[in-house]
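Structural characterization, general
One letter stands for each residue in the lines below.
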Amino acid sequence: MNVTKRDYYEVLGVSRDADEQGLKGAYRKLALKYHPDRNPGDGAAEEKFKEAAEAYSILTDPQKRAAYDRFGHAGVQGAAGQGGFDPSAFQDFGDIFGDLFGFGDLFGGGSKRRNRAQRGDDVRYDLQITFEDMMRGMTADIKVPRMDQCRRCHGKGAEPEDGLTTCPMCHGRGEVVYQQSFLSVRRTCNQCGGRGQIIRRPCQDCRGEGYVRTERKLNIKIPPGVDTGTQLRLANEGQPGVNGGPNGDLYVVISVKEHPVYERHEENLHCRLPINIAQAALGADVQIYTFDGPQMVKVPEGTQSGNSVRLRGLGVPRLNSHGRGDLVVHVDVKIPSKLTREQRKLFEQLGEMLPNESETGEKGIFEKVKDYFV
Ligand SMILES: [Zn+2]
Ligand SMILES: [Zn+2]
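Bear in mind that the values here come from a model prediction, so they are computed numbers and not experimental data.

1. Some words on the overall build of the protein
When helices and strands are counted, the protein shows eleven helices and 15 strands. Taken over 374 residues, the protein has a buried fraction of 36%. Pairs at least 24 residues apart make up 64% of the contacts formed inside the protein by residues separated by at least 6 positions. Entry remark: accessible area of the protein is about 23,700 Å², with carbon and sulfur atoms responsible for 47%.

Spelled out as structure tokens, the structure:
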């Protein structure tokens, strides 16, 4: 008998470029609809249920999916099993269904997950640095709290000599055979999590957890140019993996303190330079203190308040690149608020000589808008 098999994508009702989430969602919907518990005695539903499980198991396996995409069903023949498909064969069952219909229990989803190698959690570490350290780069000694495998029990959680005993539930086999509706399933033993042994005497050092809280000292290099929000990733320095899985990563999240004089915008530094009215009119060389030592700022003759002078290459170092931004000096012309008698006399003389600004130009600026006010 040659039964024509339906296309796996068609079975799940997804497009050919569906991602894992899409597959999972589609499969979940179908499996819940056609689950034997909801359709007792309905052979067609049971077939559909198995068909969806098979499609899902092939398409979520990158290698099998690639083979299927190239060669169709011929490419994955045997992979799905000729004599019917065993849904318990794939790991994610418990993840998808959780405890709906008691699936987690049926397939030992929960305990299987505990047993599987898992990557450790990522850890975030917040580090505040000064503006100067941001400009120059630095190394920092940090202490990161993390869980380490207990040395006394090597992560087993039991006293080294006689802490473990054979699991009474599975008699050391690590799995139990279950019968439910049409399925006969071997599932991981719940009591021992598949290890075949249970803890009789918990480890003294970790109280049976297998892990102990420690503090890890790290010396980290912070490159110049980081900004508030910059994340430095230290691979493998996060929480340890479970069941032989890899460690997570450590993310050092930077925040930079404000500086009383300098402000940063992207790669440029900005500061204000107060000068007096004579310096603005006549021009002046003014010394300022920068992260590169004292620098002379040339204020040109006739400088207006708000004008700026740019010192090239004295700004923020570019992160992960070469060169630096600029230092932009914003000139702030200070008008004296209090005058001595002598200064007042001089300003009065000056005032008589200076043109009335509102009437200068081709046509005074108020001249232009006068019509609006009458
Ligand atoms: Zn221990
Ligand atoms: Zn057991």
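Having put the structure on the table, let's press on.
2. Details of unusual backbone geometry
Non-glycine residue Asn236 carries a positive phi angle of around 75°. Summarising the element assignment, Asn236 is placed in the loop between strand S8 (231-234) and strand S9 (250-256). Residues other than glycine seldom take positive phi values, yet Asn320 does so here, at roughly 55°. Take Asn320: it is sitting in the loop between strand S14 (308-311) and strand S15 (327-334).

3. Concerning the nonpolar core
Formed by 38 residues in total, the largest nonpolar core has its most connected members in Leu127, Ile142, Ile222, Ile254, Leu327 and Val329. Each residue touching Ile142, except ones within four places of it in the same chain, is listed here: Tyr125, Leu127, Arg216, Lys217, Leu218, Ile220, Leu250 and Val252.

4. So, the coordination of the zinc ion (ligand 1)
Around the zinc ion (ligand 1), the donor atoms from the protein are Cys150 (SG), Cys153 (SG), Cys203 (SG) and Cys206 (SG), and they sit 2.3 Å away. Coordination at the zinc ion (ligand 1) is tetrahedral: its four donor atoms span angles of 104 to 117° at the metal. All donor residues of the zinc ion (ligand 1) come from one chain, and their arrangement in sequence is C-x2-C-x49-C-x2-C. You can see Cys150 sitting in the loop between strand S2 (138-149) and strand S3 (164-166) and its partner Cys206 sitting in the loop between strand S6 (197-199) and strand S7 (211-222), a full 56 residues away along the chain. The pair Cys150 / Cys206 is uniform in exposure class, with both members buried.

5. A few points about the sheet that holds strand S10 (residues 263-265)
Reading across the sheet, the four strands line up as S10-S11-S15-S14 and stay open at both edges, with mixed pairing between neighbours. The outermost strands of the open sheet, each flanked by one partner alone, are S10 and S14. Between one strand axis and the next, the sheet turns by 30° as a mean value, whatever way the strands run.

6. Some thoughts on the coordination of the zinc ion (ligand 2)
Coordination sphere of the zinc ion (ligand 2), protein contribution only: Cys167 (SG), Cys170 (SG), Cys189 (SG) and Cys192 (SG), at 2.2 to 2.3 Å. For the zinc ion (ligand 2), the donor residues sit on a single chain with the sequence spacing C-x2-C-x18-C-x2-C. Here the residue Cys170 occupies a position in the loop between S3 and strand S4 (175-180), and Cys192 occupies one in the loop between strand S5 (183-188) and S6, the gap between them amounting to 22 residues. The two residues Cys170 and Cys192 agree in class, both being buried.

7. Focus on the side chain of Asp249
Position of Asp249 among the secondary structure elements: in the loop between S8 and S9. Judged by relative accessible area, which is 7%, Asp249 ranks as buried. One polar contact links Asp249 to Arg119, side chain to side chain, over a distance of 3.2 Å. Apart from the residues within four sequence positions on either side, Asp249 is in contact with Arg119, Asp121, Asp122, Val123, Arg233, Leu234, Ala235, Asn236, Glu237 and Gly238.

Cut-offs and rules
Residues numbered from 1 in each chain as written. Chains lettered and ligands numbered in written order. Predicted model: local features only at pLDDT ≥ 70, side-chain atom pairs only at ≥ 80, totals over all residues. Heavy atoms only, no water. Helix = DSSP H or I, 4+ residues; strand = E, 2+ residues; numbered from the N terminus. Buried < 20%, exposed > 50% of the residue type's maximum accessible area, 1.4 Å probe, protein only. Contact = heavy atoms within 4.5 Å. Areas by Shrake-Rupley, 256 points an atom, 1.4 Å probe, with all protein chains shown as cover. Core = buried A, V, L, I, M, F, W, Y, C linked by side-chain atoms within 4.5 Å. Donors = N, O, S within 2.8 Å, 3.2 Å for Na, K, Ca; no water. Tetrahedral: all angles 85-135°; square planar, octahedral: opposite > 155°, others 65-115°. Pairing = 2+ DSSP bridges. Axes fitted to C-alpha atoms, helices over the stretch in contact; angles between N-to-C directions. Polar contact = N/O pair within 3.5 Å; in protein donor to acceptor, adjacent residues only side chain to side chain.

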